[in-house]
Amino acid sequence: MPGVTTLRLRPEGPADADPLRRVLAQAFARPDVPVPPEVGLVDELRDSDAWIPELAMVAEYGGEVVGYALLTRVRVDPGPFPALALGPVAVAPHRQRIGLGASVVQAALEAATELGERLVVVLGDPAYYRRFGFDRADRMGLSSPWSGLGEPWQALVLPPTLGGDVGVPRGEVVFPPPWSRV
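None of the values given here were measured: they were computed from a predicted structure.

Quick word on the overall build of the protein
Step number 1: Within the protein one finds four helices and nine strands.
Step number 2: Along the protein, helices (α) and strands (β) appear in the sequence β-α-α-β-β-β-α-β-α-β-β-β-β when read from the amino end.
Step number 3: Taking 182 residues into account, the globule formula puts the C-alpha radius of gyration at 16 Å, and the protein, at 16 Å, falls close to it.
Step number 4: Reported as C-alpha extents along the three principal axes, the dimensions of the protein are approximately 50 × 40 × 30 Å.
Step number 5: Per-residue burial over the protein gives 46% buried out of 182 residues.
Step number 6: Contacts in the protein between residues far apart in sequence, at least 24 positions, make up 68% of those at least 6 positions apart.
Step number 7: Positive and negative charge centroids in the protein, built from 17 and 22 side chains respectively, lie 4 Å apart.

Quick word on the environment of Pro 78
Step number 1: Within the secondary structure, Pro 78 sits in the loop between β3 (64-77) and β4 (81-91).
Step number 2: Considered as a pair, Pro 78 and Tyr 61 are 17 residues apart in the sequence and their alpha carbons are 42 Å apart.

Focus: unusual backbone geometry
Step number 1: Geometrically, the link from Gly 79 to Pro 80 is a cis peptide bond, its omega value of -10 degrees lying close to zero.
Step number 2: By the secondary structure assignment, Pro 80 is in the loop between β3 and β4.
Step number 3: At the junction of Gly 87 and Pro 88, the peptide bond is cis and its omega measures out at -5 degrees in the coordinates.
Step number 4: Position of Pro 88 among the secondary structure elements: in strand β4.
Step number 5: Located in the positive-phi region is Arg 97, a residue other than glycine, with phi close to 70 degrees.
Step number 6: Mapped onto the secondary structure, Arg 97 falls in the loop between β4 and α3 (100-114).

A few points about the environment of Leu 119
Step number 1: Structurally, the position occupied by Leu 119 is in strand β5 (residues 119-123).
Step number 2: The class of Leu 119 is buried, set by a relative accessible area of 0%.
Step number 3: Every residue in contact with Leu 119, bar those within four places of it in the chain, is listed here: Val 76, Ala 83, Leu 84, Leu 142, Ala 155, Leu 156, Val 157, Val 168 and Pro 169.

A closer look at helix α1 (residues 17-27)
Step number 1: Every buried residue belonging to α1 is among Ala 17, Pro 19, Leu 20, Val 23 and Leu 24, and all of these are buried. Down the axis of α1, the buried set is contained in an arc of 160 degrees. They therefore lie on one face.
Step number 2: Buried-residue contacts for α1 involve α2 (37-46), β2 (56-61), β3 and β4.

Quick notes on α3
Step number 1: Here α3 spans 21 Å end to end across 15 residues, near enough to the 21 Å set by a 1.5 Å rise per residue.
Step number 2: Burial analysis of α3 places eleven of its 15 residues in the buried class, which makes it a mostly covered element.
Step number 3: All buried positions along α3 are accounted for by Leu 100, Gly 101, Ala 102, Val 104, Val 105, Ala 107, Ala 108, Leu 109, Ala 111, Ala 112 and Thr 113.
Step number 4: At the exit of α3 stands Gly 116, carrying a positive phi of roughly 85 degrees.

Criteria and cut-off values
Per chain, residue numbering runs from 1 following the sequence as it is written. Reporting in this predicted model follows two pLDDT cut-offs: at least 70 for local features of residues, and 80 or more for side-chain atom pairs to be given and counted; totals over whole chains, interfaces and linings ignore these cut-offs and use all residues. Hydrogens are left out, water is left out, and the side-chain values use all remaining heavy atoms of the structure. Strands here mean DSSP runs of E at least two residues long; helices mean DSSP runs of H or I at least four residues long; both are numbered from the N terminus. We compute the radius of gyration over the C-alpha atoms and compare it with the globule rule, which gives 2.2 Å times the number of residues raised to the power 0.38. Between buried and exposed lies partly exposed: a residue is buried under 20% and exposed over 50% of the maximum accessible area for its type, with that area taken using a 1.4 Å probe on protein chains only. We call two residues in contact when some of their heavy atoms are within 4.5 Å. For the purpose of counting charges, residues Lys and Arg are taken to be positive, whereas Asp and Glu are taken to be negative. His and the chain ends are not included. Where a charge sits is defined by one atom per residue type, namely NZ (Lys), CZ (Arg), CG (Asp) or CD (Glu). The arc in question is formed by the directions pointing from the helix axis toward the C-beta atoms. Here the expected length of a helix is defined as 1.5 Å per residue gap, with one fewer gap than residues.

Here's what the structure looks like:
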């Protein structure tokens with residue numbers, strides 16, 4: 001059907017690295033930084049134990065890679081209890097404000113639920129992430145290097161899978177080393 005543009009949400013593949021670097025560079029561009037740190041963060045996370053290929057979600061719009069939502073492994077201590085960090089989330093500027101970001105985030109969260117994950121943390125705009133069910137992480141007993149920021153430090157408890165509910169931990173969220181450089 002002519003004129004119909006399709007949105008495709010899928011896990012990242014090997015051919016997506018360069019298009020995703022462009023999307024991240026455009027979405028996080030700042031005049032004072034030649035390459036935004038988010039570009040390097042994703043490259044470093046790809047090469048780390050935190051990487052979960054099924055949870056690196058790409059949005060293709062009309063065949064063009066235009067969006068990204070990444071969930072990577074973090075842990076909650078004491079425990080350690082496995083959890084996920086959401087970020088970065090990016091949409092190419094020429095495709096923003098049409099729902100692609102929300103679609104790719106929702107797809108990543110659904111994929112995490114299917115894998116049996118229980119907890120996701122994010123640092124971001126509370127008004128935006130509230131639509132997915134995120135709430136203040138400190139109210140859930142979760143701390144991190146970003147706890148002092150208050151409302152932007154958020155967490156989401158994913159629905160339990162058929163295996164049952166294992167509960168949600170309280171404690172310090174420990175991020176893998178690449179996060180310390182952002």
